[in-house]
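Working through the structure, step by step
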Amino acid sequence: QVQLVESGGGLVQPGGSLRLSCAASGSIFRVNTMGWYRQAPGKQRDLVATINTGGRIAYADSVKGRLTISRDNAEKTVYLQMNSLKPEDTAVYYCNARVIRFPGAYENTYWGQGTQVTVSS
């Protein structure tokens, strides 16, 4: 099995910062693209940012310049540094990873349990 464990969410004032972490563990041969998604109440889950093993990054337009994704391949961990947070960033943030569990296996997608980020004064 593969587990993604997130941490770092919480309550922050507008303009503040938070850093999310997500570590992959379990039966893993290789972790390919990792990313963050978010889901606000009553809305669909949307892409925030992704990063592949080579460091290629993609961001949603709404977060460019404020949120930064990074990863530690050796630790199988992805981070999301969130600066200049706005109330509209309030959502449950989910970690996502595309994992190959053993050589020759197909890639499967896994999700973390989600961590709440609330931006409010």
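Note that residues are indexed from 1 along each chain, following the sequence as it is written. The model is predicted, so local features are restricted to residues of pLDDT at least 70 and side-chain atom pairs to those at 80 or more, both for listing and for counting; the totals for chains, interfaces and linings are taken over all residues. The basis for every side-chain value is the complete set of heavy atoms in the structure, and neither hydrogens nor water enter the calculation.

A short note on the layout of surface pockets
As a reminder, the rule being used: Only protein atoms enter the 1 Å grid, on which a cavity is a set of points fitting a 1.4 Å probe that cannot get out and a pocket is an open set with protein on both sides within 12 Å along at least 5 of 7 lines, lining residues being those with an atom within 4 Å of a point. Grid points are joined across faces, edges and corners, and a volume is the space filled by probe spheres set on the points. Secondary structure elements follow DSSP: runs of H or I no shorter than four residues count as helices, runs of E no shorter than two count as strands, and numbering proceeds from the N terminus. Think of it as three bins: nonpolar holds Ala, Val, Leu, Ile, Met, Phe, Trp, Tyr, Cys and Pro, charged holds Asp, Glu, Lys and Arg, and polar takes everything else, Gly as well.
Here the largest pocket is characterised by a volume of approximately 200 Å³. Around the largest pocket sit 14 residues that line it, and Arg 38, Ala 40, Lys 43, Asp 46 and Glu 88 are the ones nearest its centre. Top element by residues in the lining of the largest pocket is strand E5 (residues 45-51). It accounts for three residues. Tallied by class, residues from the lining of the largest pocket come to six nonpolar, four polar and four charged.

A word on the pattern of salt bridges
Note the following rule: Definition used for salt bridges: Asp or Glu carboxyl oxygen within 4 Å of a side-chain nitrogen of Lys or Arg. Per-residue accessibility, obtained with a 1.4 Å probe over protein chains only, is compared with the maximum for each type, and a residue is labelled buried under 20%, exposed over 50%, and partly exposed between these values.
In the structure shown here, the tally under the stated rule is three salt bridges. With a closest N to O distance of 2.9 Å, Asp 89 and Arg 38 form a salt bridge. Of the two residues, Asp 89 sits in the loop between strand E8 (77-82) and strand E9 (91-100) while Arg 38 sits in strand E4 (residues 30-39), which places them 51 residues apart along the sequence. Arg 38 matches Asp 89 in its accessibility class, with the two residues each being buried.

Structural notes on the sheet that holds E8
Where we set the bar: At least two DSSP bridges between two strands are required for those strands to pair. Whenever a helix is involved, its axis is fitted only over the stretch in contact; in every case the axis is a line through C-alpha atoms, and angles between N-to-C directions fall within 0 to 180 degrees.
As summarised here, the arrangement of the four strands in space is E1-E3-E8-E7, forming an open sheet in which the pairing is antiparallel. Where the open sheet ends on each side, the last strands, each with one partner, are strand E1 (2-7) and strand E7 (67-72). For this sheet, the mean angle separating the axes of adjacent strands, direction not counted, is 15°. Relative to E8, strand E3 (residues 18-26) is paired through six bridges, and the arrangement is antiparallel. Across the sheet, Ala 23 pairs through a bridge with Thr 77, a residue of E8.

Remarks on the side chain of Thr 77
Spelled out, the test is: Think of a polar contact as two N or O atoms within 3.5 Å of one another; within protein, one of them needs to be a possible hydrogen donor and the other a possible acceptor, and neighboring residues in sequence only count if both atoms come from side chains. Only heavy atoms enter the contact rule, under which two residues are in contact if any of them lie within 4.5 Å.
Structurally, Thr 77 can be placed in strand E8. According to the relative accessible area criterion, Thr 77 is buried, its value standing at 9%. A polar atom in the side chain of Thr 77 sits 3.0 Å from the backbone oxygen of Glu 75. Residues within four places of Thr 77 in sequence aside, it is in contact with Cys 22, Ala 23, Met 34, Ser 70, Arg 71 and Asp 72.

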